[in-house]
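Understanding the architecture of this molecule
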Amino acid sequence: MPEYEFVDVYVPRGVSRKDTARLLTDHAEYGHWELDRLTLRRDGSRRVRLRRRIIRQLRATW
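Predicted model only: the values in this text are computed from it and were never measured.

The rules behind each value
Residues numbered from 1 in each chain as written. Predicted model: local features only at pLDDT ≥ 70, side-chain atom pairs only at ≥ 80, totals over all residues. Heavy atoms only, no water. Pairing = 2+ DSSP bridges. Helix = DSSP H or I, 4+ residues; strand = E, 2+ residues; numbered from the N terminus. Polar contact = N/O pair within 3.5 Å; in protein donor to acceptor, adjacent residues only side chain to side chain. Contact = heavy atoms within 4.5 Å. Expected span 1.5 Å × (residues − 1). Buried < 20%, exposed > 50% of the residue type's maximum accessible area, 1.4 Å probe, protein only. Arc of directions from axis to C-beta.

Two faces, one strand: in a regular strand the side chains alternate between the faces of the sheet. Here strand β2 (residues 34-40) runs beside strand β3 (residues 46-54); their pairing, made up of six bridges, is antiparallel. Counted as the bridge partner of Leu40 is Arg46 from β3. Once β2 ends, the chain turns through five residues before running back antiparallel as β3, passing Gly44 with a positive phi of about 95°.

Structure representation (structure tokens):
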């Protein structure tokens, strides 16, 4: 079963959808994050949870 690490990003209500999409695209391209969950709150702000897979290196034994 893959293991993931998560990060929560808070986007205030004054930020446009276009700017939010640019922010999330930058996270995806440069940090290898993918969208896990997006919550739109009543006040118009967004809470975004991003995840990326943890790749563990196995020790090589000789």
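Having seen the model, we can carry on.
What follows deals with the side chain of Ser45. With respect to the element layout, Ser45 can be found in the loop between β2 and β3. A polar side-chain atom of Ser45 sits 2.8 Å from a polar atom in the side chain of Asp43. Filtering out sequence-adjacent residues up to four positions away, Ser45 remains in contact with Tyr10, Val11, Pro12, Arg13, Thr39 and Leu40.

Right, let's get into helix α1 (residues 17-31). Helix length check: α1 (15 residues) gives 20 Å between terminal C-alpha atoms against 21 Å at 1.5 Å per residue, within 8%. Within the span of α1, buried status applies to Thr20, Leu24 and Gly31. Looking straight down α1, one finds that the buried residues subtend no more than 70° of arc, so they occupy a single side. Away from the buried face of α1 by more than 90 degrees, exposed residues Lys18 and Tyr30 are located. In this structure, the buried side of α1 is in contact with β1 (3-11) and β3. Note on α1: the residue one or two positions beyond its end, His32, has a positive phi of about 60°.

What follows covers the pairing of β3. Where β1 and β3 come together, nine bridges link them in antiparallel fashion. Considered in β3, the bridge of Tyr4 is made with Arg53.

Structurally, the position occupied by Glu34 is in strand β2. For Glu34, a relative accessible area of 37% gives the class partly exposed. C-alpha separation for the pair Glu34 and Leu50, spaced 16 residues apart in sequence, amounts to 5.5 Å. Among residues more than four places away in sequence, those in contact with Glu34 are Tyr4, Arg49, Leu50 and Arg51. Within the local environment of Glu34, its side chain forms a polar contact with the side chain of Arg51, the two groups lying 2.6 Å apart.

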